[in-house]
Amino acid sequence: MFAYLAAFPMNFHRAGLAILFPLFATSVTLAQSDIFQILRGNKVLGRIDAQRVVKGDRVSYSMISHSAFNLVWDQEVRTVARTTYIAGHVSDCLTTVHVNKGLRDSSVLRTVAGRGLYVVHPRTVYSADLPQNPWTTARMYYEEPLGQDSIFVESELKDCAVVRIAPGEYILKLPNREKNHYVYRNGRLYEIRVDRGWLELVFRRVG
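All values derive from a computational prediction rather than experimental measurement.

Draft legend 1. Looking closely at the pattern of salt bridges. Per the counting criterion, the structure on display carries 9 salt bridges. A salt bridge links Asp105 to Arg104, with the shortest nitrogen-to-oxygen separation between them at 2.6 Å. Across the pair Glu191 and Arg204 runs a salt bridge, and its minimum N-O distance is 2.8 Å. Here Glu191, found in strand β13 (residues 188-195), pairs with Arg204, found in strand β14 (residues 200-205); they are 13 residues apart in sequence, far enough to count as distant. Classification of Glu191 by relative accessible area gives buried; the value is 4%.

This is how it looks when you write it as structure tokens:
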């Protein structure tokens, strides 16, 4: 961009620059993609494709996973998680979990007339204020939650406590005594250890 601007004469009118820079600002889209393997022990069960897209004051996160394993019976698990921020505030989010061909869980938040419409599978629907917490599990894929004591968990549509247990390590406390252990290296998410009591998985960054 700067090489392009250098082609203009030094006496280029300031008004022209004032018009030009907003045009660049609104047209630039920044995207970052990452891959995490889903592991049980040393066995790779699947992968997560994560992406963050920044365009103006809008930031969109997407995490899509697919895994297959046998836990009493064969299971194919597909998940989708999407979260959108506008001007630093959560405006929308969606999570779905499909096991084999059936929908097991889903949650949706939409902004309607300035308020949040919350929908939790199978039948909970209510209207409430939009989340005030600027931190979500989606954001944790791309930023270390330094100094945070709670995270808005999209699958639960509510804030849950997060505790720093060591430099770069955090425990996110979920309902029913479940927890996720986040590990960062140099501020970059390295892995998530998922503890469900009856099942332990690791989501580990590739590359």
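Here the narrative resumes, following the displayed structure.
Draft legend 2. Broad picture of a nonpolar patch on the surface. A cluster of nonpolar side chains, namely Val112, Leu117 and Val125, defines an oily patch on the protein surface of about 240 Å² accessible area. Within the fold, Leu117 resides in strand β7 (residues 115-120).

Draft legend 3. Structural detail: the pairing of β13. In this sheet, β13 lies alongside strand β12 (residues 179-185) in antiparallel orientation, the contact comprising 7 bridges. Within β13, the residue paired with Val183 across the bridge is Glu191. If you look at the hairpin formed by β12 and β13, you'll find 2 residues sitting between the two strands, and Asn186 has a positive phi there, around 55°. Bridge analysis of β13 against β14 gives 5 bridges, and the strand direction is antiparallel. For Arg193, the partnering residue across the bridge sits in β14 and is Val202. Where β13 folds back on β14, the antiparallel hairpin that results is connected by 4 residues, among which Gly197 adopts a positive phi of roughly 80°.

The rules behind the values
Residues numbered from 1 in each chain as written. Predicted model: local features only at pLDDT ≥ 70, side-chain atom pairs only at ≥ 80, totals over all residues. Heavy atoms only, no water. Salt bridge = Lys/Arg side-chain N within 4 Å of Asp/Glu carboxyl O. Helix = DSSP H or I, 4+ residues; strand = E, 2+ residues; numbered from the N terminus. Buried < 20%, exposed > 50% of the residue type's maximum accessible area, 1.4 Å probe, protein only. Patch = residues over 30% accessible without salt bridge, like charges linked within 9 Å, V, L, I, M, F, W, Y side chains within 5 Å. Areas by Shrake-Rupley, 256 points an atom, 1.4 Å probe, with all protein chains shown as cover. Pairing = 2+ DSSP bridges.

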